[in-house]
Protein chains: 4
Amino acid sequence: LTSGRVEAFSDGIFAIAATLLILNVELPRQSGPGLFEALVEQWPQYATFAASFMTVGIMWLNHHALFVRIHTVDRPFLFLNLLLLLTISFLPFPTEVLGRNFQPGPGGQTAALFYAITCLAIALGFGGVYGYIATHPELVSPRFEGADFMAGAPWFLIGLAAYCVCIPLSFVSPPAVLALIAAVAVYYVFDHLPRPTS
Amino acid sequence: LTSGRVEAFSDGIFAIAATLLILNVELPRQSGPGLFEALVEQWPQYATFAASFMTVGIMWLNHHALFVRIHTVDRPFLFLNLLLLLTISFLPFPTEVLGRNFQPGPGGQTAALFYAITCLAIALGFGGVYGYIATHPELVSPRFEGADFMAGAPWFLIGLAAYCVCIPLSFVSPPAVLALIAAVAVYYVFDHLPRPTS
Amino acid sequence: LTSGRVEAFSDGIFAIAATLLILNVELPRQSGPGLFEALVEQWPQYATFAASFMTVGIMWLNHHALFVRIHTVDRPFLFLNLLLLLTISFLPFPTEVLGRNFQPGPGGQTAALFYAITCLAIALGFGGVYGYIATHPELVSPRFEGADFMAGAPWFLIGLAAYCVCIPLSFVSPPAVLALIAAVAVYYVFDHLPRPTS
Amino acid sequence: LTSGRVEAFSDGIFAIAATLLILNVELPRQSGPGLFEALVEQWPQYATFAASFMTVGIMWLNHHALFVRIHTVDRPFLFLNLLLLLTISFLPFPTEVLGRNFQPGPGGQTAALFYAITCLAIALGFGGVYGYIATHPELVSPRFEGADFMAGAPWFLIGLAAYCVCIPLSFVSPPAVLALIAAVAVYYVFDHLPRPTS
């Protein structure tokens, strides 16, 4: 089994999950003069859409950066990768729940907690794939060294730690949870995995 | 006609069908303090989502394992492959029906039966593609032997048998149907088709 | 501009349009004992789903058969191809309208007419792409001869004629329209474009 | 990081966004004799569907024309490209809002303004990617010259200017906004980026 088709299938899941997010933004019931205010009032749905889109986009980017480092896959790896894709494809649902329940109070706290737990599950899913590669150097392409992956672990742990912080933060402030998750996405665009040796 | 583009098109259908599943999970009507319980109460929708996602993912994996063994396709093969993709793309509907009708009683039995029949149809669709390759060695890549396919038949029949068991089981216990179908998916991640000779 | 990426983009539209069809099948409102009958009663939605899925699948197949015959594309060709993809991606809507309005009477006639007109538009869109290639031999791959395309015109006209017949037929019998369109799809699986000379 | 997989992922987003548009067209509530008129009355939904489909299709085409001119990507480029894809995947929502609020008056004006702003954001997102390539010749493939990109700027500015005109135009006539945006799409099919030197 080569890694090429697994990556193509994974890319499809990432792209579809990111694009489906917009289907959960609600059509305003008002028409006529009230439409403008109705569109403005549902800004939390646009904010959660954007944060989730960037999160999926960045997870895709890092997933791709992992895959260029491997040249073969085995069955446990495929299983771990499917679990990661399962969490990615689940994200549109907590995104919708948070977008519709962004107001202060217990509803917003529950929605932010649900969203943060899903992001944490995505990070753990990514950690499963990452950890499996780090501990199975036979999957790694000859151009890279397995030890580099262990050195790259702190890079992965920053995102994991940020998502863990979001769990208690969701009881304090749903907007802060959303801002932190969007910040993690932007951070990962500019940080990156170890480069090839040689 | 080469098999490459047929596989790319099929991969697209598998990836989209898996990712669309989340759109059928229902947004809770409650907001505020009742949101937490409402999210917990619809756990059957998450369970059916996960089981169907893994089933589609594993069918994709085995479909891919079949396609690396062939190097050309003909028209009857394309027709059988389209029938398989038809059953795959139908799966989100019985998944939604089962997730919303998971309670004990006739509704849950009907939904589990509908879900099990769809899974059986997918297995039969896969069997059609598999059987056609096994009986048409001219499609098989020179690196593989047609006889290996006949030897691999028991591998395929295990899943078929499990889905057949789900038909009567649906009258007894919808959760057991879901658990068995999820178990088949996990089983097929780790079992596999005959390896290339040489 | 090479034809490869245009084909990949087109393949994506075909695969997504085929897989989205299931989202328009309605979740039955009944639960409990009434669920079985409710699922059976909405059989027209499954029939229109299957007919449209096969139609999109076969259009993909023939679109692919056209593209292996060309090696370059120009701007008017891209425009005609986009028009074809526009009609393909529109198909889920008339499919939904026909599946929900299948009963005898003016509603079913209107829905069947709308469905038949969309299929005719798809065939005309395909005819535009086909005709442009037939009259622009500079796009055709050296392995094929442009004259073969003119010889293949009757092959295309059979489908066009069948869809034209569906227009008056929709006033007589919506089920007959659906059956004829499904028959055209099956017919095109087994018939095919001229083979390469050489 | 090579540009190939970034383009494949982007192509997926474009294809999915274009095909999802149809899901926002409303199923008429009338059945029976009233179905025909109901289908005719919602023509603005078909018009906005077609305009957005062509806009996404043409943006894909021009995005592809940009990517054949580069051979490597860096992190800021990836971030700008994700922002462009974010605006593309948002388009189905303002398309739905405009299709349902096309009548004269403040509702139609708001919807047309929202649609025009989204198209302007898409153009600005495209401008960000275009401008980054024009100012970073190290990304440009050796077959092309960076200076050509600066020469192509007026080509890009025509679309940007047309979308800017749509902002005030939305207060005058929503249909004119839609017609202008569709005209821009058709214009870009036939106009094109500078050809390779040599």
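Look a little higher up for the structure.
Residues numbered from 1 in each chain as written. Chains lettered and ligands numbered in written order. Predicted model: local features only at pLDDT ≥ 70, side-chain atom pairs only at ≥ 80, totals over all residues. Heavy atoms only, no water.

Chemist: Got a minute to help me understand the interface of chain B and chain A in this structure?
Modeler: Quoted interface sizes are often the accessible area lost when the parts come together. Taken together, the contact between chain B and chain A spans 40 residues of the former and 32 residues of the latter. When chain B packs against chain A, close to 3100 Å² is buried across both sides, 81% of that on carbon and sulfur atoms. Linking chain B to chain A there are two salt bridges. Residue E7 of chain B is joined to R5 of chain A by a salt bridge in which the shortest nitrogen-to-oxygen separation is 3.3 Å. In terms of residues, the side of chain B that touches chain A owes the most to one element, helix α3 (residues 43-67) of chain B, which gives 11 residues. Across the side of chain B that touches chain A, the residue classes tally to 27 nonpolar, nine polar and four charged. (Contact = heavy atoms within 4.5 Å. Buried area = accessible area lost by both parts, 1.4 Å probe. Salt bridge = Lys/Arg side-chain N within 4 Å of Asp/Glu carboxyl O. Helix = DSSP H or I, 4+ residues; strand = E, 2+ residues; numbered from the N terminus. Nonpolar A, V, L, I, M, F, W, Y, C, P; charged D, E, K, R; others polar.)

Chemist: Would you explain the relation of the copies chain D and chain C in this entry?
Modeler: Taken together, a rotation about one axis and a shift along it account for how the two chain copies relate. Under the fitted operation, chain D is carried onto chain C by 0.0 Å of movement along the axis and a turn of 90°, and the coordinates agree to an RMSD of 0.0 Å. Classification of the inter-copy transformation places it as that of a four-fold axis. The two copies present different faces, since only 8% of the interface residues in chain D are matched by interface residues at the equivalent positions in chain C. (Least-squares fit on C-alpha atoms with pLDDT ≥ 70 in both.)

Chemist: Honestly, the arrangement of the chains in this entry has me stumped. Any pointers?
Modeler: With no contact between them, chain A and chain C keep their nearest C-alpha atoms 10 Å apart. No interface is formed between chain B and chain D, the nearest pair of C-alpha atoms being 9 Å apart.

Chemist: Teacher, can you tell me more about the packing of aromatic side chains here?
Modeler: Each pair of aromatic rings is reported with the distance of its centres and the angle of its planes. A complete count under the given rule lists 52 aromatic pairs over all chains for this structure. Centre to centre, the rings of W60 of chain A and F9 of chain D are 4.0 Å apart; their planes meet at 10°, and the pair counts as stacked. Note that W60 of chain A is positioned in helix α3 (residues 43-67) and F9 of chain D in helix α1 (residues 3-20), a pairing that runs across two chains. Per residue, the accessibility class of W60 of chain A equals that of F9 of chain D, and both read buried. Here F90 of chain D and F114 of chain D contribute two aromatic rings whose centre-to-centre distance is 6.0 Å and whose plane-to-plane angle is 85°, an arrangement assigned as edge-to-face. (Phe/Tyr/Trp six-rings, centres within 6.5 Å; stacked < 30°, edge-to-face > 60°. Buried < 20%, exposed > 50% of the residue type's maximum accessible area, 1.4 Å probe, protein only.)

Chemist: So what exactly am I meant to see when it comes to the packing of helix α3 (residues 43-67) of chain C against helix α9 (residues 174-190) of chain C here?
Modeler: In helix packing, the relevant descriptors are the interaxial angle and the interaxial distance, both defined with respect to the helix axes. All names here are of chain C. In the contact formed by α3 and α9, the axes pass within 9 Å of each other and the chain directions differ by 30°. The orientation of α3 relative to α9 falls into the category roughly parallel. The chirality of how α3 crosses α9 is left-handed. Facing α3, whose interface residues are A47, T48, A51, M54, T55, I58, L61 and N62, α9 presents L178, I181, A182, A185, Y188 and V189. Partitioned by chemical class, the residues of the contact of α3 with α9 number 11 nonpolar, three polar and no charged. (Axes fitted to C-alpha atoms, helices over the stretch in contact; angles between N-to-C directions. Parallel < 35°, antiparallel > 145°, perpendicular 65-115°, else oblique. Left-handed = near helix turned anticlockwise from the far one by under 90°.)

Chemist: Can you help me understand the interface of chain D and chain C in this one?
Modeler: Contacts between the two partners involve 40 residues from chain D, matched on the other side by 32 residues from chain C. Buried area between chain D and chain C, summed over both chains or domains, comes out near 3100 Å², and the portion from carbon and sulfur atoms is 81%. The interface formed by chain D and chain C contains two salt bridges. One salt bridge in this structure joins R5 of chain C and D11 of chain D, with 2.6 Å as the shortest N-O distance. Counting every contact that joins chain D to chain C gives three residue pairs in polar contact (both at pLDDT 80 or more). Listing elements by their share of the side of chain D that touches chain C, those giving two or more residues are α1, α2 (35-41), α3 (43-67) and α9 (174-190) of chain D. Broken down by element, the residue count for the side of chain D that touches chain C peaks at 11 residues, all from α3 of chain D. Here the side of chain D that touches chain C is composed, by residue class, of 27 nonpolar, nine polar and four charged. (Polar contact = N/O pair within 3.5 Å; in protein donor to acceptor, adjacent residues only side chain to side chain.)

Chemist: Would you mind showing me how to read the pattern of salt bridges here?
Modeler: A side chain of one charge can pair with a side chain of the opposite charge when the charged atoms of the two come close. The final tally for this structure, using the stated rule, is 16 salt bridges over all chains. Here the residues in one salt-bridge network are R5 of chain A together with E7 and D11 of chain B, joined through shared partners.

Chemist: Got a minute to help me understand the state of the cysteines in this structure?
Modeler: One covalent bond between the sulfur atoms of two cysteine residues makes up a disulfide. All names here are of chain A. Under the criterion given, the structure shown has zero disulfides over all chains. Cysteine C119 remains unbridged, with the sulfur of C166 as its closest cysteine sulfur at 7.1 Å. Cysteine C164 remains unbridged, with the sulfur of C166 as its closest cysteine sulfur at 8.9 Å. On the basis of relative accessibility, which here comes to 39%, the residue C164 falls in the partly exposed class. (Disulfide = S-S within 2.5 Å.)

Chemist: Looking at this structure, how should I read the packing of helix α4 (residues 75-90) of chain C against helix α6 (residues 106-134) of chain C?
Modeler: Residue and element names in this part refer to chain C. Relative orientation of the contacting elements α4 and α6 amounts to 160°, with a least axis distance of 9 Å. In terms of orientation, α4 and α6 fall into the roughly antiparallel class. Here the hand of the crossing between α4 and α6 comes out left-handed. Each of P76, F77, L80, N81, L84, T87, I88 and F90 in α4 lies in contact with α6, whose residues at this interface are F114, T118, A121, I122, G125, F126, G128, V129, Y132 and I133. For the contact of α4 with α6, the per-class residue count stands at 13 nonpolar, five polar and no charged.

Chemist: Help me out: how do you make sense of the nonpolar core in this one?
Modeler: Across soluble globular proteins, you tend to see nonpolar side chains buried next to one another. F53 of chain A, F53 of chain C together with F53 of chain D are the most contacted members of the largest nonpolar core, which totals 285 residues. Excluding residues that lie within four positions of it along the chain, F53 of chain D makes contacts with I13, L82, L85, L86 and S89 of chain C together with A18 and L21 of chain D. (Core = buried A, V, L, I, M, F, W, Y, C linked by side-chain atoms within 4.5 Å.)

Chemist: Before we go on, may I ask you to explain helix α6 (residues 106-135) of chain A in this structure?
Modeler: An α-helical segment advances 3.6 residues per turn. Residues three or four places apart therefore align on the same side. In a regular helix each residue adds 1.5 Å, so 30 residues correspond to 44 Å; α6 of chain A covers 42 Å between its end C-alpha atoms and thus fits that length. In terms of burial, α6 of chain A is largely enclosed, as 22 of its 30 residues are buried. (Expected span 1.5 Å × (residues − 1).)

Chemist: How do you make sense of the side chain of R69 of chain C when you look at a structure like this?
Modeler: Inspection of the secondary structure puts R69 of chain C in the loop between α3 and α4. Only 2.6 Å separates the side chain of R69 of chain C from the backbone oxygen of A65 of chain C, close enough to count as a polar contact.

Chemist: Explain helix α9 (residues 174-190) of chain B here, please?
Modeler: For α9 of chain B, spanning 17 residues, the distance from its first C-alpha to its last is 25 Å, which sits close to the expected 24 Å at 1.5 Å a residue. Within α9 of chain B the residues assigned to the buried category are P174, V177, L178, I181, V184, A185, Y188 and V189 of chain B. On an axial view of α9 of chain B, the arc spanned by its buried residues comes to 145°, and they lie on one face. Of the surrounding secondary structure, the elements contacted by the buried residues of α9 of chain B are α4 (75-90) of chain A together with α3, α5 (92-100), α6 (106-135) and α8 (153-172) of chain B. (Arc of directions from axis to C-beta.)

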